[in-house]
Amino acid sequence: MKNYKVLFLLLISFLVSSPKAYSDQIEAEDNGSPLGFDFGISKKEAIRKIESEGKTILENNVDSKEIRTIIVEGVLIDLPIDVDDSNIQTRLEFFDDKLMSTSLIIRPDDHSSIGDAAGLLYAYLAENYGDPYHKEKILNFITWTWLQPEVKVVYTTSRNSNELKIAYTYEPMNRKRLEKELEEKRKVKPEDPATEMFLEGDYSKPAHLKE
């Protein structure tokens, strides 16, 4: 009888805990960037992964109090095009020491081959994400955008600069960044030109204090 009670308690415990565990698993699976990194990892964790893959860090910059950027030579994944590491970079952007976005920047050797590379990369993205949500053309730049449940994918081509770029942004973290920036802007007291002119400037001084 005791064995049945133990089994019953274990079953109840599994039923109560499994939905959260399953939810956490799904969240972890959806939290990955196709460029070989998991969104939310720290800068230190990203550097360990880069070094374990034998890649070279070209830049490691502090852009602001919360924003950090790492640029890596090459890419950690296989691509549908053949490009040397010297012509490709992986860019990682961190907010509050958590990976928020990853970008792939490709500059083919031959300027004339960019059209073929651009077509292959578009087909690669369309196969994974379907038809783009939005397409925009400004001057020589063409941008396609795909919206996934929590990740925004933006693909940009430019013949003039001989550059292709694919950017993946983890939107929940990006929203937190925007909210924090907005909150900080609200804390800054706006300057009032009238106040500066009449209260702080010469106009506010008594006549006997003016020159």
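The structure contained in this document is the topic of the report that follows. Just so it is clear, the model here is predicted, and its values are computed rather than measured.

### Quick word on the overall build of the protein chain
- Along the backbone of the protein chain there are 5 helices and 8 strands.
- From first element to last, N terminus to C terminus, the protein chain shows the α and β order α-α-β-β-β-β-α-β-β-β-β-α-α.
- Relative to its 211 residues, the protein chain shows a buried fraction of 30%.
- When contacts within the protein chain are restricted to residue pairs at least 6 apart in sequence, those whose partners lie at least 24 apart make up 45%.

### Structural notes on helix 3 (residues 114–129)
- Compared with the 22 Å implied by 1.5 Å per residue over 16 residues, the 22 Å span of helix 3 between its first and last C-alpha is a close match.
- Burial in helix 3 covers these residues: I114, A117, A118, L121 and L125. Buried residues of helix 3, viewed axially, fall in a sector of 100°; they line one side. Pointing more than 90 degrees away from the buried face of helix 3 are the exposed residues D116 and E127.
- Backbone geometry just after helix 3 places G130 at a positive phi near 80°.

### Topic: helix 4 (residues 171–187)
- For helix 4, which comprises 17 residues, the first-to-last C-alpha distance of 24 Å matches the rise-based estimate of 24 Å (1.5 Å per residue) to within 8%.
- For helix 4, the set of buried residues is E171, M173, N174 and R177. Taken end-on, helix 4 shows its buried residues confined to a sector of 160°, consistent with a single buried face. Opposite the buried face of helix 4, by more than 90 degrees, sit the exposed residues K176, E179, R186 and K187.
- Here the buried face of helix 4 lies against strand 2 (67–73), strand 3 (88–95), strand 4 (98–106), strand 7 (151–158) and strand 8 (163–170).

### Quick notes on a nonpolar patch on the surface
- Residues I138, L139 and F141 make up a contiguous nonpolar surface patch of about 340 Å² in total accessible area.
- Turning to its location among the elements, L139 is positioned in the loop between strand 5 (134–138) and strand 6 (141–147).
- Look at L139 and you get exposed, because its relative accessible area is 74%.

Procedures and definitions
- Residues numbered from 1 in each chain as written.
- Predicted model: local features only at pLDDT ≥ 70, side-chain atom pairs only at ≥ 80, totals over all residues.
- Heavy atoms only, no water.
- Helix = DSSP H or I, 4+ residues; strand = E, 2+ residues; numbered from the N terminus.
- Buried < 20%, exposed > 50% of the residue type's maximum accessible area, 1.4 Å probe, protein only.
- Contact = heavy atoms within 4.5 Å.
- Expected span 1.5 Å × (residues − 1).
- Arc of directions from axis to C-beta.
- Patch = residues over 30% accessible without salt bridge, like charges linked within 9 Å, V, L, I, M, F, W, Y side chains within 5 Å.
- Areas by Shrake-Rupley, 256 points an atom, 1.4 Å probe, with all protein chains shown as cover.
- Salt bridge = Lys/Arg side-chain N within 4 Å of Asp/Glu carboxyl O.

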